[in-house]
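# A closer look at the structure
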Number of protein chains: 2
Amino acid sequence: MLSIRPATNTDVPLILEFIRDLAEFEREPQAAVATADDLIRDGFTEGTPPKFHVLLAHWDGEPAGFALYFFNYSTWIGKPGLYLEDLFVKPHMRGKGIGKALLAELARVALREDCYGMRWQVLDWNQPAIDFYESLGAKLLREWITVRIMNEKPDEPLRKLAGMQAK
Amino acid sequence: MLSIRPATNTDVPLILEFIRDLAEFEREPQAAVATADDLIRDGFTEGTPPKFHVLLAHWDGEPAGFALYFFNYSTWIGKPGLYLEDLFVKPHMRGKGIGKALLAELARVALREDCYGMRWQVLDWNQPAIDFYESLGAKLLREWITVRIMNEKPDEPLRKLAGMQAK
């Protein structure tokens, strides 16, 4: 039987395991360098607003999957939105409707928080996920390209940009 | 001469004007339905954490452009990121380096907040913007497709999803 509940600080090792599993599935296992200290500091420190939220799914008491989200904002609609950063169900737990149940719970959170909707991203080669999302009535915004600037060596573009002064 | 400063609640009419100008540029003027009340409630209400932040650029005292942002989270890196939702410079103010100065100020905010970097999105037909972002060292993440679920009539997919129960 399925149960879904918000995560607490004692769940951090399990959350990290899911994050690493997901990075491996997305073919970038070396990119998942977050530590338990990072997640506790940013998500589970009393007196500090959490920078993310986590729902955990268990099947017959066994960890089965997770959803990690935070809120964004639509300046056109004038409301917050729920942004789903990570959604993952363990391979041997698939086919039980756990992913859909996590998305349904997120939709309830979004409605409760008066959000305009939910957003997330999918890799263009993950056709089963694309088909699944479209079957729920989600729309693909293919005309938007994501842009990122970070501090990759040797150029450190973010730091270089920060150093630019106005004319 | 250029000046950049954080917006306050008295700037909301100007912010709304910029939001509508940007929606028009993005060929969806009818989609910008946010009101001044929405922006004050979500961004400028004392005692409530703001759901977004705004930088305003003025040129010789005249409103020239804006940047609206909030924070996301990288579960791989274990740090927040700065997410730039809107960046706009008035057409007759272009060519003065105002867009770059706003991005540079955002990069300084991102470094101050210990972010892994900055993210935003660009329309695939906006080649001048794409070239500009790449010239700063930003990378295009073309393999990620954005997915959105909302409550469009008549099906209201978000509400329908929220009503689904686990098996």
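All of these numbers come straight from a predicted model, not from anything done at the bench.

### Thoughts on the environment of F71(A)
Tracing the sequence through the fold places F71(A) in strand β3 (residues 62-74). Here the alpha-carbon distance between F71(A) and T146(A), two residues 75 residues apart in the chain, equals 18 Å. Not counting chain neighbours up to four residues away, the residues in contact with F71(A) comprise H53(A), G81(A), L82(A), Y83(A), V109(A), E113(A), C115(A), F70(B) and F71(B).

### Observations regarding the confidence of the model for chain A
On average, chain A scores 96 in pLDDT, and the residues at 70 or more come to 98%. Model confidence for the complex is summarised by a pTM of 0.95, with the ipTM given as 0.95.

### Things to note about the relation of the copies chain B and chain A
One copy of the chain maps onto the other through a rotation about an axis plus a displacement along that axis. Superposing chain B onto chain A takes a rotation of 180° combined with a translation of 0.0 Å along the rotation axis, leaving an RMSD of 0.0 Å. Such a turn and shift between the copies fits a two-fold axis.

### Comments concerning the sheet that holds strand β6 (residues 139-141) of chain A
Pairing in this open sheet of seven strands is mixed, and the strands run β1(A)-β2(A)-β3(A)-β4(A)-β5(A)-β7(B)-β6(A) from one edge to the other. Of all strands in the sheet, those with a lone pairing partner are β1 (2-6) and β6 of chain A, marking the two edges. Averaged over all adjacent pairs, the angle separating strand axes in this sheet is 30°, with direction ignored. Here strand β2 (residues 53-59) of chain A runs beside β3(A); their pairing, made up of seven bridges, is antiparallel. By the bridge assignment for β3(A), H58(A) is matched with P63(A). Set on the sheet, helix α1 (residues 12-25) of chain A makes contact with β2, β3 and β4 (79-89) of chain A; between it and β3(A) the angle comes to about 80°.

### Quick word on the interface of chain B and chain A
Quite often, the size of an interface is put as the accessible area lost when its parts meet. Listed as interface residues are 75 residues of chain B and, on the opposing side, 75 residues of chain A. Both sides together, the interface formed by chain B and chain A hides about 7,200 Å², and carbon and sulfur atoms give 64% of it. Applying the counting rule to chain B against chain A returns zero salt bridges. At the surface where chain B touches chain A, the tally comes to 30 residue pairs in polar contact (both at pLDDT 80 or more). Per-class residue counts for the side of chain B that touches chain A are 43 nonpolar, eleven polar and 21 charged. Relative to strand β7 (residues 144-150) of chain B, β6(A) runs antiparallel, the two sharing three bridges. Residue L141(A) lies in a different strand from β7(B), and its bridge partner there is T146(B).

### So, helix α2 (residues 36-43) of chain B
Inspection of α2(B) places D38(B), L39(B), D42(B) and G43(B) among the buried residues, and these make up the whole buried set. The buried residues of α2(B) all sit within an arc of 95° when viewed along its axis, so they share a single face. Against β3 and β4 of chain A together with α1 (12-25) of chain B lie the buried residues of α2(B).

### Digging into the packing of aromatic side chains
Counted under the stated rule, the structure contains 18 aromatic pairs over all chains. Geometrically, the ring pair formed by F18(A) and F66(A) is stacked, given 5.2 Å between the ring centres and 10° between the ring planes. Note that F18(A) is positioned in helix α1 and F66(A) in strand β3, a separation of 48 residues in sequence. The same class applies to F18(A) and to F66(A), which are both buried. Here the aromatic rings of F44(B) and F52(B) are separated by 6.0 Å at their centres, their planes lie at 80°, and the arrangement is edge-to-face. Of the residues examined, F44(B) reaches a relative accessible area of 19% and is grouped as buried. One aromatic cluster is present, formed by F18(A), F66(A) and F88(A) through successive ring pairs. Over the face of the ring belonging to W125(A) we find R27(A), whose NZ or CZ atom lies 3.7 Å from the ring centre.

### A closer look at unusual backbone geometry
All names here are of chain A. Look at the link from K153 to P154: it is a cis peptide, with omega at -5°. A positive phi angle, close to 55°, is found at D114, a residue other than glycine. As for its position among the elements, D114 is in the loop between α3 (98-112) and β5 (117-123). A positive phi angle is found at E156, which is not glycine, with a value near 45°. When you line up the elements, E156 lands in the loop between β7 (144-150) and α5 (157-162).

How each quantity is defined
Residues numbered from 1 in each chain as written. Chains lettered and ligands numbered in written order. Predicted model: local features only at pLDDT ≥ 70, side-chain atom pairs only at ≥ 80, totals over all residues. Heavy atoms only, no water. Helix = DSSP H or I, 4+ residues; strand = E, 2+ residues; numbered from the N terminus. Contact = heavy atoms within 4.5 Å. pLDDT = per-residue confidence, 0-100. Least-squares fit on C-alpha atoms with pLDDT ≥ 70 in both. Pairing = 2+ DSSP bridges. Axes fitted to C-alpha atoms, helices over the stretch in contact; angles between N-to-C directions. Buried area = accessible area lost by both parts, 1.4 Å probe. Salt bridge = Lys/Arg side-chain N within 4 Å of Asp/Glu carboxyl O. Polar contact = N/O pair within 3.5 Å; in protein donor to acceptor, adjacent residues only side chain to side chain. Nonpolar A, V, L, I, M, F, W, Y, C, P; charged D, E, K, R; others polar. Buried < 20%, exposed > 50% of the residue type's maximum accessible area, 1.4 Å probe, protein only. Arc of directions from axis to C-beta. Phe/Tyr/Trp six-rings, centres within 6.5 Å; stacked < 30°, edge-to-face > 60°. Lys NZ or Arg CZ within 6 Å of the ring centre and 35° of its normal.

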